[in-house]
Every structure is written in structure tokens, then in C-alpha cells.
Amino acid sequence: MLEEITKMAEEVSLKSTTTPIHFVLVHGISGGGWCWYKIRCFMENSGYKVSTVDLKGAGIDPANADSVLSFDDYNKPLLDFLSSLPEHEQVVLVGHSAGGLSVTLGTLKFPKKIRLAVYVAATMLKHGFTSEEDVKDGVPNLSEFGDVYELGFGLGADKPPTSGIVKKEVQRKIIYQMSPQEDSTLAAMLLRPGPLLALTTAQFKEEDDDHDIDVLEKVPRVYVKTLQDHVVKPAQQDSMVKRWPPAEVYVLDSDHSPFFSQPFLLFGFLVKAAEASHWEII
């Protein structure tokens, strides 16, 4: 399997030297562009173009998560980036975990600029959180691990929480149980509270200004399922895939963070999916 992926990546790199595929990688809640460092290394060494985005209040973005109160505001760095792309450039938009919601929003706003949408252990809901079933499928249920969140109340203690982060002492157990120790240590140093209120109110309307939600069906999607995921559990992933079927589902024996625990296989799946869409368009 590893030899096959290596050979495929080498062949693709040779084919794509004139017009390298451009990957845009989006992190999940509390993460940042840094979480993709292994995947970015593999991709750039294979000749691909890679961009990683820090959403508002994440990574090195200076905003405080408690001040990020809407989903559009949270995603402004991604939307600005997509808007700035040359008119005819198309990218492979990849989202991890809650970053799947960002992928859907980016696809809805800029469908002509998205060659392929990829959801990695991600929230894949066509309409966002508009029903109890959406919440059941798309919101992590970590109750089996006890009281695991540190919450922020930027609007006051009597209002819903505006930010949250998994407590440091249980991060490895929940998010990185199959990942190298050095990666979970790095994550513990870099994770930041994420804008809970902005994420849990994410909704994609039938018509958003001049954007018809039906355009989402015109952009091919693939899903990467993670079998040992404690955050977005396999049953949740299966339900989202069943309700809004992608063109392809890849399966990894991984925790919630395959960019750490299975980086080379994840890289191979991303290359395979992107290359298929690349040559279909050409």
C-alpha cells in the first residue's frame, strides 16, 4: 500500500509540473494551519501547491474566540483567501473535523473555484445545524469522558458559552490516542479555545443572497472516515455520509487526527482523490 501511494505520488508530480494541483487545508475547532505540517511537507515535496488557513481566533490569528460570534466572521480568513484567487484557478478544499462546515461554506460561496471538496473526519451537513438529526450527527458527544471542556462566556455567565477547548489532561486520550507522543505534545502547546457559538449556529440556507444551495451538488465531494475516532464517531460519520452521499469514501484506521497518526496514508488518499478530479476536468 505504501509503495503504491509513493509510486502514484511520484507519477502525479511528474504529470502536474506545469499546473500543480493547489490544496487548501482547513483545520477544525481549536486547531490551526500548523496541524497540517506533515501533510504539507509531503505535498510540497511531491510538487503540489499548498495553502493552510488560520480561521479567525485560531492558529496565529490575533482574535479572541469569545469575540467571534458568527460563522461567517469565523470563516472570514478562508472566504477572503478564496475570493483573492485568480478567476480561473480551482483548488482542492480540505477540511478536518468542524472544518468540514467551513468547506461547505466555501463551496457554497465560491463553487467555481472549488475543484473538489474533501471532508476528513469532518462535519458534512448540507444545511448546517438545522435539525436535531444534524446536531446528533455533527456535534461531538464526549460525555463518556466526563467533564472535558473549558468554556468561555464572552456574552455573560447567564448566556450560552461562546468558546471552548478540551482540557489539556484529556486531549491525548480523546483526540490523539493513536498519534505520536511528540505530536500530541505539540498540539497541547498550540491548541486554542474555539468559537463554540459561531460553530453551533452554522446554517446554510436554501438561498444565500445570490448563492443557491444546489450549487453544492455541482462540486464533487469525498469523505475520509476515521475508524477509531472518539470525537466524530464512526457512526456519526456513517450517518452524514448516508444522508448526503459523497462520490467516494476512504477509510483510515486512525484516531480523530489522521494528519498525525496516519499522515502518509492520508496524503495518499488526498492525492488520489485530487488527481482523479484533476484529470476529469482536463
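Structure: see above.
What this report covers is the structure whose coordinates are included nearby. A quick note: this is a predicted structure, and the numbers were derived from the prediction, not measured.

## Quick word on the packing of aromatic side chains
Okay, step 1: Counted under the stated rule, the structure contains 12 aromatic pairs.
Okay, step 2: An angle of 55° between the planes, with centres 6.2 Å apart, marks the rings of Tyr37 and Phe260 as tilted. Taken as a pair, Tyr37 in helix 2 (residues 37–45) and Phe260 in helix 11 (residues 258–261) lie far apart in primary sequence, 223 residues in all.
Okay, step 3: A relative accessible area of 39% places Tyr37 in the partly exposed class.
Okay, step 4: On the basis of relative accessible area, Phe260 is assigned to the buried category, the value being 1%.

## A closer look at the layout of surface pockets
If a probe the size of a water molecule is rolled over the atoms, the empty space left behind becomes visible.
Okay, step 1: Taken as a whole, the largest pocket encloses approximately 660 Å³ of empty space.
Okay, step 2: The wall of the largest pocket is formed by 37 residues, among which Ile29, Ala98, Pro140, Tyr149 and Leu196 lie closest to the centre.
Okay, step 3: Among the elements of the structure, strand 5 (149–152), strand 6 (163–166), helix 9 (196–200) and helix 11 are those that each provide at least two residues to the lining of the largest pocket.
Okay, step 4: For the lining of the largest pocket, the per-class residue count stands at 25 nonpolar, 12 polar and no charged.

## Digging into the pairing of strand 2 (residues 49–53)
Residues in a regular strand project their side chains so that they alternate between the two faces of the sheet.
Okay, step 1: Relative to strand 2, strand 1 (residues 22–26) runs parallel, the two being bridged by five bridges. By the bridge assignment, Phe23 is partnered in strand 2 with Val50.
Okay, step 2: What joins strand 1 to strand 2 is helix 2, and the crossover it makes is right-handed.

## Notes on empty space enclosed by the protein
Okay, step 1: Across all of its chains, the model carries one cavity of 30 Å³ or more by this definition.
Okay, step 2: Its boundaries defined by the atoms lining it, the largest cavity holds a volume of some 30 Å³.
Okay, step 3: In this structure, the largest cavity is lined by Ser30, Gly31, Gly57, Ala58, Tyr74, Arg192, Pro193, Gly194 and Pro195.
Okay, step 4: Looking at the lining of the largest cavity residue by residue, the classes come out as four nonpolar, four polar and one charged.

## Points about the packing of helix 4 (residues 76–84) against helix 5 (residues 99–109)
Okay, step 1: Between helix 4 and helix 5, the shortest axis-to-axis distance is 10 Å and the interhelical angle comes to 35°. Crossing geometry of helix 4 relative to helix 5 is assigned as right-handed. Here Leu78, Leu79 and Leu82 of helix 4 lie close against helix 5, whose contacting residues are Ser102, Leu105, Gly106 and Lys109.
Okay, step 2: Tallied by class, the residues present in the contact of helix 4 with helix 5 amount to four nonpolar, two polar and one charged.

Quick notes on the rules
Residues numbered from 1 in each chain as written. Predicted model: local features only at pLDDT ≥ 70, side-chain atom pairs only at ≥ 80, totals over all residues. Heavy atoms only, no water. Phe/Tyr/Trp six-rings, centres within 6.5 Å; stacked < 30°, edge-to-face > 60°. Helix = DSSP H or I, 4+ residues; strand = E, 2+ residues; numbered from the N terminus. Buried < 20%, exposed > 50% of the residue type's maximum accessible area, 1.4 Å probe, protein only. 1 Å grid on protein atoms, 1.4 Å probe; cavity = no way out; pocket = protein on both sides within 12 Å on 5 of 7 lines; lining within 4 Å. Points joined across faces, edges and corners; volume = space filled by probe spheres on them. Nonpolar A, V, L, I, M, F, W, Y, C, P; charged D, E, K, R; others polar. Pairing = 2+ DSSP bridges. Right-handed = clockwise from strand over helix to strand, strands pointing away. Axes fitted to C-alpha atoms, helices over the stretch in contact; angles between N-to-C directions. Left-handed = near helix turned anticlockwise from the far one by under 90°. Contact = heavy atoms within 4.5 Å.

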